[in-house]
Amino acid sequence: MAHFRLSQCAKLFLWPLFGPWPLLGYGCTMDDTGSYHRLSAELFRAPRKALTPEETAFLKVPNNASARASLEFITSKPHVAGTAGDLEMAEYVKTTFEKVGIAAVLDPQKVLLTYPVSSSLELLDVSGKMVAKASLAEDTLDSDPTTHTWWRNHTFNGYSPSGEVTAPIVYANYGLPEDFAALEEAGVEVKGSIVLMRYGECFRGLKAMNAQKAGALASIIYSDPEEDGYAKGSVYPYGPWRPKSSVQRGSIQFISLCAGDPTRAYSPHGMDVEKLCGFSSKELIPQIPVLPISYGDALVFLESLGGKEAPNNFRGGLNITYRFGPTKGHYKVRVKVENRFQSSPVWNVIGTIPGSLPADLDQPVVLGNHRDAWVYGAADPNSGTAQLLEVARGLGQLLRTGWKPLRTIYLCSWSGEEYGLLGSTAWGEVHESILRRALAYVNVDTGVSGPHFRASGTPSLAQLLGDVLGHVQHPESKKPLSEHWSGKLYSLGSGSDYTIFIDHLGIPSLDMAFSPRDAQYGVYHSVYDSFTWMATEGDPDFTYHVAMAQLWGLVSLRLAGTHALQAPLPMNLSIQAEAIEAYIAEIKENITSLDFRRLDEASSTFKAAAAKTMAEAAHLRQMGQKAPHEEVTALNERVGLVERQFLLSEGLPGRKWFRHCLQAPGLYTGYAAKTLPGIYEAIQAKHWDLAQSQILATALRVEAAAAYLAPSSWQSQITVTV
C-alpha cells in the first residue's frame, strides 16, 4: 500500500498563490519512510522468468577487479563539476565506452556554477576581538592519501552568495518550521541574526530558504554526530562514520521549485528560466551567505550560546547543553563567504547502442549515473559510475557475439548533478525529441554506501524489478536479492537525475542503491568519501558493486528486448492502478470537505483498462513467436507511452516545471516524494477551492490514461507531446 505522512510545515513560496499563512513562512520536512507502494511477497518472490542466453552471458561479465580499478582511477583526483578533473573523467568514461564497442560523444552544456575562494568563521567578544576561529578544514589522514588536497580547506555550499556578516547567533535545530516557531515562542529574535542549524530532517537548501524568510542575515549548517557521527559508531578511519572535522558540502538551490541550472544559460529552445520554471534565477537560490561546518568547529559556537535551554528535540550528540541563543555576553559571530560564480560547461557523456526497431517505433531505454562529485565521491556518485562501466562492459561483450537490442539503449554519464541536476536536466530539455518515445529511465547514483537494497520508481516497473532481483545473489547471504527486499518501491521525488525524466517528461523511471538501513552514510559529501573509505569500509571486496551492475544490466536488457523477438513489454499497469487507488485512499483520510467522486471513478476506470491491457499482454506473451506482430506493436505503444498521460500541461500549482500529477518532490522536503502533489499541497495550505480543482485536474489525467489504453485509440495518440 501507499504510505506517507502529511507534512506539518507552514508555507513559503506558495503564499502569493495560496494566500497568507499563520506564523512565519517556513517550509521543509524530511519523511524518513517516504511514500511507497508495497508489493506482495507472492508477486516479487513468485517463480521467475528464466534467463535468456544473452542475460546469462551478461551476468558473467561484471567483476570485482575491474569495478575496483575503475573506481580507483575515477577517485584518484577531485572532479567537481566543470573543473579539469571533471573533464578528464568524462574523457575516461567516453574512452571506456568506445573500447567496449559503444559509440559515445561528449555533450557539453553551459550552466551556472560556483566555486569557493575563501571563508572564515569567528567568535568575537564585546570589544570585537576574536576569541575563537573555526578551522573550516578537514584533517588529513596518513591512512588516506587523497585527503591531502586543496579542497579540504575550501568547504562550501554551492550557490551561496558571497558576503560578510557580524551578528549574534541563534540555534534553530534542523531549520524546520516548528523549530523557528519554538524560537519565536521562546522570545528569540531571528531577524538580524546568524542562524546555526544542523543537517538532517530537511534538504539543506530549504534550511537556508527558511532562515532567509525569517530575516536571518546568514546561516551556518553543521553535521551533528547524532546524525552520522560517533553516535552511530566508530568514525573514519576506524569505522565508517563521520569524523569531527568532516564537512558535508552540497547545493543550496531551492530544488523543489525547479530542477536544473537556475539561469538556464544553455537556453533550451530559446526559453529562459522564467518561462520554464515560473521563477527568476534569484528566486531559485539563496540571497544570504551560507556556510557548512563540521561538528568539531560547531562546538565552540554552540557553547557560546546563552538564553533558554533548548528542548529535547533540539539536542544532538555533543556533550553540551544545547541552548536557543543568542550568543551570551553580547558576543557576536563574524562569517565571511567569498564564492566565485561563473557560467561554464559541464560535460555529459552519451553512449548509444542503436536498436533494431525503426525510429517511429523505437522506444529508447536510458541508463544514467552522474559522475561529478564534491571532491572524490567514491560512494556518491562514483560507485555508480564504476557500475555503469561494468554494465557497458557486459553489453559490449554481447555486441561482440552479434546480439542487438530491439530498442535503443543510451548510457549516460551526467555532470553537474551535485549543483542541482544540471547536466541531465539540460540534456533532457535540449534533446526532448530523442526522449519523445523513451520507454524508461534507470538511474543509479550512490550505488553502494551500505548493505541494504532500496529502490524507488514508477509502480509499473515494480514487477520487473522484483523478478530481476530473483536472479542476482546478495553478496553476503548468496541468496536471491528478492529475499532481502522488503517489497517497498518508494515514490520518486527529486535529488537525483531521474527528476527530469519522471517529473517533467513523464518517462517511467527507476532508482536503485545499496545503502545503510537508517542513516545517511558517514562520509557523505566530504573529502573522506574516498577510494580508501570504499576499500576499507564501504565495499572492501567490491561484491556489492558487482551485484548492482548485474541488477542494472538485467533490468536494462529486459526493457530493451532483443532483435530476435518482439514481445509484450515487461511492465505491469495493474500495479500502477493499485498504487493510484492507494494514493487516493490515503489522501482522503480525515478529509470531509472535498468531493473525490470524479477521481475515484477515474481510478476505477483506469484499473479496469489496466487489467484488460495486462490480460491482452499475458495472452500475447503466451503465444510467443506466434503472436501477431502488429498486435504486439500496438500493445507496446500503449503500455510504453501511457505514463505521459499523467502530465499536467500547466504543471503543478506554483511550480510549473513539475508536471506529473501522481508524484513530485514535496515542496517542503526537497528530495522526498509526495503523491498526488497538487491535491496534497493545496490541502496542506487549506486552500480548498484549489484542492478541489486539483482533484478534477488529476481525475482528467487518470481518465486520459485509461482512454489511452483502449486498443482502438492508440493509433491516433502515439505522437505524444512532452
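In this text, all values refer to a predicted model and were calculated from it rather than measured experimentally. (Residues numbered from 1 in each chain as written. Predicted model: local features only at pLDDT ≥ 70, side-chain atom pairs only at ≥ 80, totals over all residues. Heavy atoms only, no water.)

1. Regarding unusual backbone geometry
Consideration 1: Here the amide bond leading from Gly325 into Pro326 is cis, since omega sits at 10°, within 30 degrees of zero.
Consideration 2: With respect to the helices and strands, Pro326 occurs in the loop between α10 (295-303) and β11 (332-353).
Consideration 3: Positive phi values are uncommon outside glycine, yet Leu136 reaches one of about 50°.
Consideration 4: Tracing the sequence through the fold places Leu136 in the loop between β3 (130-133) and β4 (157-158). (Helix = DSSP H or I, 4+ residues; strand = E, 2+ residues; numbered from the N terminus.)

2. Structural notes on the state of the cysteines
Consideration 1: Across all of its chains, the model carries 1 disulfide by this definition.
Consideration 2: Note on cysteine connectivity: Cys258 is disulfide-linked to Cys277, with sulfurs 2.0 Å apart. Here the disulfide of Cys258 and Cys277 is left-handed, its torsion about the S-S bond being about -40°. With Cys258 in the loop between β9 (250-251) and α9 (273-277) and Cys277 in helix α9, this residue pair connects regions lying 19 residues apart in the sequence. Exposure class is identical for Cys258 and Cys277. Each is buried.
Consideration 3: In this model Cys661 remains outside any disulfide bridge; the closest cysteine sulfur is found in Cys258, 19 Å from its own.
Consideration 4: You can call Cys661 buried: its relative accessible area is 1%. (Disulfide = S-S within 2.5 Å. Buried < 20%, exposed > 50% of the residue type's maximum accessible area, 1.4 Å probe, protein only.)

3. Describing empty space enclosed by the protein
In this approach, a probe sized like a water molecule rolls over the atoms, and the result shows the empty space that is left.
Consideration 1: Applying the stated criterion to the full structure yields 3 cavities of 30 Å³ or more.
Consideration 2: Size it by volume and the largest cavity reaches roughly 50 Å³.
Consideration 3: Taken together, Leu357, Leu361, Gln363, Arg407, Gln566, Thr633, Asn636 and Glu637 form the lining of the largest cavity.
Consideration 4: Here the lining of the largest cavity is built from residues that sort into 2 nonpolar, 4 polar and 2 charged. (1 Å grid on protein atoms, 1.4 Å probe; cavity = no way out; pocket = protein on both sides within 12 Å on 5 of 7 lines; lining within 4 Å. Points joined across faces, edges and corners; volume = space filled by probe spheres on them. Nonpolar A, V, L, I, M, F, W, Y, C, P; charged D, E, K, R; others polar.)

Bear in mind that shape data such as this cannot, by itself, settle questions of function.
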